[in-house]
Amino acid sequence: MSKTIKRILVAGLMCLSTGAMALDLKSDAPQRYVVKKGDTLWDISERFTNDPWQWPEIWYQNGQIKDPHLIFPGDEIGLISIDGETRVTVTKRGEGSRTVKLSPGTVKMQPTARVEPIESAIPAIPQDAIRGFLREHRVVAPEVLEKAPRVLSGADARILMGAGGKVYARGDFGPQVSSAYGVFRKGQVYRDPESGEVLGLEALDIGMGRVLAHDDDIVTLELERTNQQVSVGDMLLPTEDRDLIANFYPKSPERAVQGQILAVSGGVTQVGQYDVVVLNRGERDGLVPGSVLLIKKAGAVVYDRVAAERVRLPEERAGSLMVFRTFEKLSYALIMRATKPLRVGDKVESPN
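Residues numbered from 1 in each chain as written. Predicted model: local features only at pLDDT ≥ 70, side-chain atom pairs only at ≥ 80, totals over all residues. Heavy atoms only, no water.

**Observations concerning the packing of aromatic side chains**
- Going through the model one piece at a time under the given rule, you end up with six aromatic pairs.
- An angle of 25° between the planes, with centres 5.3 Å apart, marks the rings of Trp55 and Trp59 as stacked. For the pair Trp55 and Trp59, one class covers both residues: buried.
- Feature note: the residues Phe48, Trp55, Trp59 and Tyr249 constitute an aromatic cluster, connected by ring pairs. (Phe/Tyr/Trp six-rings, centres within 6.5 Å; stacked < 30°, edge-to-face > 60°. Buried < 20%, exposed > 50% of the residue type's maximum accessible area, 1.4 Å probe, protein only.)

**Describing the sheet that holds strand β3 (residues 85-92)**
- If you walk across this open sheet you meet the three strands as β1-β2-β3, and the pairing is antiparallel. Among the strands making up the open sheet, the edge pair consists of β1 (32-34) and β3. Each strand axis lies, on average, 35° off the axis of its neighbour in the sheet, ignoring direction.
- Note that strand β2 (residues 76-82) and β3 share seven bridges and pair antiparallel. Pairing of Glu76 across the sheet is with Lys92, part of β3.
- Against the sheet, helix α2 (residues 41-48) contacts β1, β2 and β3, and its axis sits at roughly 160° relative to β1. (Pairing = 2+ DSSP bridges. Helix = DSSP H or I, 4+ residues; strand = E, 2+ residues; numbered from the N terminus. Axes fitted to C-alpha atoms, helices over the stretch in contact; angles between N-to-C directions. Contact = heavy atoms within 4.5 Å.)

**Overview of the pattern of salt bridges**
- In the structure shown here, the tally under the stated rule is 15 salt bridges.
- Glu76 serves as the salt-bridge partner of Arg32, at 3.4 Å between the closest nitrogen and oxygen. Taken together, the residues span a long stretch of sequence, with Arg32 in strand β1 and Glu76 in strand β2 at a distance of 44 residues.
- One salt bridge connects Glu197 with Lys329, and the closest N-O pair in it is separated by 3.3 Å. In this pair, Glu197 is assigned in the loop between β10 (180-191) and β11 (198-215) and Lys329 in the loop between β21 (316-326) and β22 (331-338), connecting sequence segments 132 residues apart.
- A residue is classified by how much of its surface remains accessible, and Glu197, at 27% relative accessible area, is partly exposed.
- The structure contains a network of salt bridges with shared partners spanning Glu197, Arg284 and Lys329. (Salt bridge = Lys/Arg side-chain N within 4 Å of Asp/Glu carboxyl O.)

Listed below in structure tokens is the structure:
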């Protein structure tokens, strides 16, 4: 048994003896790991612990490292001992290089201190899978869309408009007209499968327009982006300034949460790894971006021949997901692992 593993076991026993949570580091956790482009925080968490949602428990924010909560490609991650506990931290920031062209076909590499924007930090989960949901999708109360201004007409009385076109919208824009508006269309109304409560209405992103003019209750917009043709009757909502960097940590919710998968992106019923799902739990239930939940499947129904009755077997763990965007009553989450076939209606719960 290596000295590193012994230290980990001793630290775990000390935590148990004092009543604190034992840090669930893997027995084969690497002493050092150099972060690579394409890594995610979830991937790195799994290299060091069997339960990625324990990452905040084992991560140490080294005050001598700039932005210790962010991890960049080239950084060295390693095990250290803090107050008798084995923790994980950035042990060394990566170094960049500058290419200087000397003559055709000849280059010289000079090491320099790396200067990178925060956007270069590795994300918590694959960004390609969630980018559209972070930037464009929106869940609102049904009355918000009912009161929203609507597209009245296109230029030359057109009824279908695309990017580069001009549209006119009419409605109550409030005391101050925004410089830009998102164009939305009514989507699915989500209801809680148990209580029947309306949890929200999904506003489907159609495009975005910049305001050119404002005359009483009519606004003229130029469409800068469209996902599909804008139609008469589509609704306008003010644009949101959203942080697209998922620099949150995987973590267990602060209080117990139980819920269900309401829907999956694409309108299908089967769910797999890296699918985006809608949950019937949100901010009021204690969920925040980064919250990790376990997925449970109902046990099969079998026939007990002795008792002559049907019995449902216990629920089984079938995967895990991470919440990446929350609303008051529901959330978007990404399936991170699926060990069994998943479906809409499967249950989710806190890992502790």
